[in-house]
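# A closer look at the structure
Letter by letter, the chains look like this.
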Amino acid sequence: MMKRVKRSKKRDERNVKDPFKKLPNDLNVEILMKMPPRSIARLRFASKHLSSIILDKEFTKLYMTRSSTQPRHLISVHRGGSNMQMQGFHSLSQDHASFSNHDKVSYKLDPNLPYEFTPPVRGLICGRKGTKMIVGNPSTGQFVSLPKVKTRRQEILSVFGYDPVNDVYKVLCMTVVTKRSNMSRGGGDVVPWEDIMSEEHQVITVGAKQKWRMVECKHPHRHYSGHQGICRDGVMYYLASYKQKRSLMSFDLSSEDFNVTKLPEDQMLQQYGSLTNHTGKITISSHAYNSNLDLWVLEDANKEVWTKVAAVIPPVSDLLGWLHTILFRFWGILRTGEMIFAPLLSRNPFFFICYDPKDKKVREIAINGIGDDSDTIQVFFDHVESCMIL
């Protein structure tokens with residue numbers, strides 16, 4: 001009993017000597033606002049007074065409001081090794097031209113368990129490998145595990161989003177189930193692709209003691225594997241096959257209802273269209289081999305009104321001024337209007353280019369220290385840093 005009393009007394013002494021307790025609350029908030037998220041996460045263990053501020057939702061919102069004016073590039077890198085797997089996150093202000101002094105957060109994964117991440121939402125990011133999932137804050141390095149997805153299926157699409165009505169983050173998972181009635185249709189066990197549907201739809205709310213819940217979908221469809229979904233204003237969007245046509249599916253995070261929006265009758269869009277990171281409106285892009293880039297912008301989801309914006313992009317060799325045989329992929333559009341192109345295969349050093357179609361200017365962003373043939377690299381843009389503690 002004596003030992004317990006002494007330890008409790010020492011903890012009380014540390015609280016009394018807390019220097020931040022003597023400062024005005026507004027000054028403490030101002031100090032925290034100027035710190036990076038990693039430092040804020042550490043301070044909550046050093047000061048009980050600061051911890052109460054850091055854990056307050058109002059401070060998290062205030063910090064995010066400031067961060068939203070300073071968007072960053074976020075690079076996820078998975079590097080395999082003989083003894084362990086490493087997942088690293090690298091970030092840099094979008095105003096910089098080099099990653100020489102970038103902020104880095106990394107953590108160790110379970111052996112042979114590379115996570116594939118969905119685009120970050122309000123500073124948080126969600127990763128999945130099979131039925132295992134994690135949600136984390138790459139700016140603080142804090143990650144938590146979610147319950148395993150309840151399914152035996154292998155093909156899964158997961159979409160991460162934020163519900164502003166209820167102020168919660170949610171994950172939607174869909175798994176492919178083959179209709180048994182079609183198993184005997186010609187060709188033995190071969191089933192027509194259009195008859196394979198995403199039949200299991202599950203949702204989990206990120207938080208303590210939450211579980212996966214089955215939700216009903218009245219629009220039988222199949223999600224496209226390898227295509228990521230995005231979240232905008234409390235609604236998740238992803239591409240899927242609906243009535244044998246490529247369509248835009250949406251899932252309202254508040255009502256948890258599914259809806260479908262028809263795409264324009266455009267051959268390139270139907271065959272190669274993919275959701276594009278474009279601030280403001282939902283956009284689907286189709287990039288032809290002749291450097292033509294078509295952007296289809298959803299103006300009105302209820303009336304299914306789309307606007308086509310066509311852009312002619314010069315060959316990358318012309319943009320960079322040197323010859324090469326590297327294949328590039330269109331990644332998205334920044335808030336500034338710059339278009340992002342990155343190599344299909346990782347290179348050392350890894351790089352991508354920012355092209356301004358209005359001024360015809362190009363910037364090459366090189367990331368020293370990452371990128372080789374064994375790395376899996378994901379690039380996200382307009383990332384907003386958060387100090388949220390999970």
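What you see is a predicted model; the values in this text were computed from it and never measured.

Here we take up the overall build of the protein chain. Within the protein chain, the secondary structure is distributed over seven helices and 25 strands. When burial is assessed residue by residue, the protein chain has 49% of its 390 residues classed as buried.

It is worth spelling out the environment of Ile134 at this point. Along the chain, Ile134 falls in strand β6 (residues 132-137). Remark: the alpha-carbon pair of Ile134 and Ser145, spanning eleven residues in sequence, is separated by 4.4 Å.

For the rest of this paragraph, the subject is the nonpolar core. In terms of nonpolar packing, the biggest core is built from 30 residues, with Met133, Phe160, Val171, Leu172, Tyr238, Phe251 and Phe258 touching the most fellow members. Counting only elements with at least two residues in this core, the list comes to β6, β8 (156-163), β9 (168-178), β10 (196-205), β14 (235-242) and β15 (245-252). Excluding anything up to four places from it in sequence, Leu172 contacts Leu157, Ser158, Val159, Gln202, Val203, Met236, Tyr238, Phe251 and Phe258.

Moving on, we get to unusual backbone geometry. One non-glycine residue, Lys243, adopts positive backbone phi at about 55°. With respect to the helices and strands, Lys243 occurs in the loop between β14 and β15. Taking the relative accessible area as the measure of exposure, Lys243 reaches 67% and is therefore exposed. One non-glycine residue with positive phi stands out, namely Glu304, at about 55°. Considering the arrangement of structural elements, one finds Glu304 in the loop between β19 (292-300) and β20 (305-312).

Okay, the side chain of Ser386 next. Mapped onto the elements of the fold, Ser386 is located in the segment after β25 (375-383). Filtering out sequence-adjacent residues up to four positions away, Ser386 remains in contact with Pro37, Thr60, Met64, Arg122, Gly123, Asn137, Ser139 and Thr140.

If you walk through the whole model with that rule in mind, you get ten salt bridges. The closest approach of N and O atoms between Glu256 and Arg213, which form a salt bridge, is 2.8 Å. With Glu256 in the loop between β15 and β16 (258-262) and Arg213 in strand β11 (residues 213-214), this residue pair connects regions lying 43 residues apart in the sequence. A relative accessible area of 16% places Glu256 in the buried class.

Before going further, it helps to spend a moment on the environment of Tyr224. Its location among the elements puts Tyr224 in the loop between β12 (222-223) and β13 (230-232). C-alpha separation for the pair Tyr224 and Ala240, spaced 16 residues apart in sequence, amounts to 5.5 Å.

Attention now moves to the side chain of Thr205. Secondary-structure assignment places Thr205 in strand β10. For Thr205, the residues in contact, after removing those within four places along its chain, are Val168, Tyr169, Lys170, Gln210 and Arg213.

So, on to helix α5 (residues 57-67). Residues three or four positions apart in an α-helix share a direction because the helix packs 3.6 residues into each turn. Of all the residues in α5, the buried ones are Phe59, Thr60, Tyr63, Met64 and Ser67. Taken around the axis of α5, the buried residues stretch over an arc of 135°, which confines them to a single face. For α5, exposure combined with an orientation more than 90 degrees from the buried face picks out Glu58 and Thr65. The N-terminus of α5 is capped by Asp56, whose side-chain oxygen sits 2.7 Å from the backbone nitrogen of Glu58.

Across the sheet, eight strands lie side by side as β20-β19-β18-β17-β21-β22-β23-β24; this open sheet has mixed pairing. Strands at the two margins of the open sheet, each flanked by one partner only, are β20 and β24 (361-367). The sheet shows a mean angle of 35° between the axes of neighbouring strands, taken without regard to direction. In terms of strand pairing, β19 meets β20 through eight bridges, oriented antiparallel. Residue Leu293 lies in a different strand from β20, and its bridge partner there is Ala311.

Cut-offs and rules
Residues numbered from 1 in each chain as written. Predicted model: local features only at pLDDT ≥ 70, side-chain atom pairs only at ≥ 80, totals over all residues. Heavy atoms only, no water. Helix = DSSP H or I, 4+ residues; strand = E, 2+ residues; numbered from the N terminus. Buried < 20%, exposed > 50% of the residue type's maximum accessible area, 1.4 Å probe, protein only. Core = buried A, V, L, I, M, F, W, Y, C linked by side-chain atoms within 4.5 Å. Contact = heavy atoms within 4.5 Å. Salt bridge = Lys/Arg side-chain N within 4 Å of Asp/Glu carboxyl O. Arc of directions from axis to C-beta. Polar contact = N/O pair within 3.5 Å; in protein donor to acceptor, adjacent residues only side chain to side chain. Pairing = 2+ DSSP bridges. Axes fitted to C-alpha atoms, helices over the stretch in contact; angles between N-to-C directions.

In short, shape yes, function no, at least from these values alone.
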